[in-house]
Amino acid sequence: MGRILAFLLGGLALALYGPNVFMTEGQWETYEKWWRETLPGGWFDTIFKKGPGIFAGLALLLLAVRGRDTDSN
């Protein structure tokens with residue numbers, strides 16, 4: 001279960017960080033404007049600025065703790 005959760009958190013981190021890397025400046029402005037209108041308050045900054053690092057860190061932590069094989073003797 002830990003591996004699945006780690007991969008989901010890692011995928012969420014990539015989904016939040018990916019648009020920033022691949023979009024042009026004009027596309028990013030439109031995308032950011034839409035999310036700022038959709039999310040209330042300062043949630044955009046919390047989710048999109050800090051979120052990817054937090055989710056990626058949690059994914060790595062889960063892989064480190066729960067990613068070992070328990071079947072091998």
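The structure reproduced in this document is the subject of the present report.

Thresholds, definitions, all that
- Throughout, residues of each chain are indexed from 1 in the direction in which the sequence is written.
- Selection of residues for local features in this predicted model requires a pLDDT of at least 70, selection of side-chain atom pairs for listing and counting requires 80 or more, and totals for whole chains, interfaces and linings are taken over all residues.
- Calculated side-chain values reflect all of the structure's heavy atoms, with hydrogen atoms and water omitted.
- Strands are runs of DSSP state E lasting at least two residues, helices are runs of H or I lasting at least four, and both sets are numbered from the N terminus onward.
- Only protein chains enter the accessibility calculation, which uses a 1.4 Å probe. A residue is then buried if its area is under 20% of the maximum for its type, exposed if over 50%, and partly exposed in between.
- Working rule for contacts: check all heavy atoms of both residues, and any pair within 4.5 Å makes them a contact.
- Here the open area of atoms and residues is found with the Shrake-Rupley method and a 1.4 Å probe, where only the protein chains shown may cover a residue.
- The term salt bridge refers to a side-chain nitrogen of Lys or Arg lying within 4 Å of a carboxyl oxygen of Asp or Glu.
- Within 6.5 Å between ring centres, the rings of Phe, Tyr and Trp (the latter by its six-membered ring) count as paired, and their orientation is classed by plane angle as stacked under 30 degrees, edge-to-face over 60, tilted in between.

All right, on to the overall build of the protein chain then. What the protein chain contains, in helices and strands, is three helices and zero strands. Counted from the first residue to the last, the protein chain has its helices and strands arranged as α-α-α. Classification of the 73 residues of the protein chain by burial places 21% in the buried group. Sequence separation of 24 or more characterises 68% of the internal contacts of the protein chain that already satisfy a separation of 6 or more. When the accessible surface of the protein chain is summed, it comes to about 5700 Å², and 65% of that surface belongs to carbon and sulfur atoms.

Counted by the stated rule, this structure contains two salt bridges. Here Arg-36 ties to Glu-32 by a salt bridge, and the two come within 2.9 Å at their closest N and O atoms. Here Arg-36 and its partner Glu-32 are both found in helix α2 (residues 25-38), four residues apart, which amounts to about one turn of the helix. Overall, the relative accessible area of 38% leaves Arg-36 in the partly exposed class. Here Asp-45 makes a salt bridge to Arg-36, at a shortest N to O gap of 3.1 Å. A residue is classified by how much of its surface remains accessible, and Asp-45, at 34% relative accessible area, is partly exposed. Salt bridges sharing partners connect three or more residues here, namely Glu-32, Arg-36 and Asp-45.

Turning our eyes to something else, we now look at the packing of aromatic side chains. Enumeration according to the criterion identifies three aromatic pairs in this entry. Ring geometry for Trp-28 versus Tyr-31: centroids 5.5 Å apart, planes at 40 degrees, classification tilted. Placement of both Trp-28 and Tyr-31 in helix α2 is noted, with a separation of three residues, approximately one turn of the helix. Residues Trp-34 and Trp-35 carry aromatic rings whose centres are separated by 4.8 Å and whose planes lie at 75 degrees to one another, so their mutual orientation is edge-to-face. The exposure class assigned to Trp-34 is partly exposed, which follows from its relative accessible area of 48%. Taking the relative accessible area as the measure of exposure, Trp-35 reaches 23% and is therefore partly exposed. Of the aromatic side chains, those joined through ring pairs into one cluster are Trp-28, Tyr-31, Trp-34 and Trp-35.

Shape descriptors only; they carry no functional weight alone.
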